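Coordinates in review
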Amino acid sequence: MKTQISNLRSGTKNQILNPEIDYSQFPQATSHVGHSGSNHADVESIWSRVINENPESMKVIVKGIELELTANWSLSRKSVSYCGGISKQDLEGKFYLKASKKETPSISIQNGNIIVVSNGKNSYSHICPSLIEIV
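Below is a summary of the structure that appears in this document.

Reading the values: the criteria
Residues numbered from 1 in each chain as written. Predicted model: local features only at pLDDT ≥ 70, side-chain atom pairs only at ≥ 80, totals over all residues. Heavy atoms only, no water. Salt bridge = Lys/Arg side-chain N within 4 Å of Asp/Glu carboxyl O. Helix = DSSP H or I, 4+ residues; strand = E, 2+ residues; numbered from the N terminus. Pairing = 2+ DSSP bridges. Disulfide = S-S within 2.5 Å. Buried < 20%, exposed > 50% of the residue type's maximum accessible area, 1.4 Å probe, protein only. Axes fitted to C-alpha atoms, helices over the stretch in contact; angles between N-to-C directions. Contact = heavy atoms within 4.5 Å.

This brings us to the pattern of salt bridges. This model, assessed by the stated rule, comprises 2 salt bridges. As a salt-bridge pair, Glu56 and Arg77 come within 4.0 Å of each other at their nearest N and O atoms. You can see Glu56 sitting in the loop between α1 (40-53) and β1 (57-62) and its partner Arg77 sitting in the loop between β2 (65-73) and β3 (80-85), a full 21 residues away along the chain. One salt bridge connects Lys98 with Glu92, and the closest N-O pair in it is separated by 4.0 Å.

Spelled out as structure tokens, the structure:
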């Protein structure tokens, strides 16, 4: 079984949350109304295991959609993010963003608990890591 990021929490405000989780039980954020994110040491530990298990790419299921995300390493190979494209129909139907006519929608996972869905231009939304399953 692959290491999962689904037990991590992002403290980003206005993110798409998992309806199956009661977020009121989590510690409250000090910078905005909502819950705080996971402890940095926990995120680092889990993220390093995910990177070791998926050095070049990873398959994930997000809100019922299976995606292939490609690793994008920094030049120094000290940091990595995973990115992949999603369909315009999924962008609008599952993530509630209007698709750009000329750009390709995408999803990226950075630092373990920061997941961003973008319409390819300047419109994006953060989603909770609990919605991600690494397969």
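Back to the write-up after that little detour.
Okay, the pairing of β3 next. Bridge count for β2 against β3 is 4 bridges, and the pairing is antiparallel. Residue pairing for β3: Asn72 is matched across the bridge by Ser81. Where β2 hands over to β3, the hairpin turn is made up of 6 residues, of which Arg77 adopts a positive phi near 60 degrees. Here 5 bridges tie β3 to strand β4 (residues 106-110), and the two strands are oriented antiparallel to one another. Each bridged residue has a counterpart across the sheet, and for Cys83 the counterpart in β4 is Ser108.

Once that is clear, we can look at the state of the cysteines. Tallied over the entire structure, the rule returns 0 disulfides. Free of any disulfide, Cys128 has its nearest cysteine sulfur in Cys83, 19 Å distant. Residue class for Cys128 comes out buried when judged on its relative accessible area of 0%.

Strand order in the open sheet made by the 7 strands is β6-β5-β4-β3-β2-β1-β7, with antiparallel pairing throughout. The open sheet has two free edges, formed respectively by β6 (124-127) and β7 (132-134), since each of these has just one partner strand. The average angle at which neighbouring strand axes cross in this sheet is 30 degrees, direction not considered. Two strands pair when backbone bridges link them, and β1 and β7 are joined in this way by 3 bridges, in the antiparallel orientation. Bridge pairing in β7 places Ile61 opposite Glu133. Along the sheet, α1 makes contact with β1, β2, β3, β4 and β7, crossing β3 at roughly 60 degrees.

No statement about biological role is implied by the geometric values presented.
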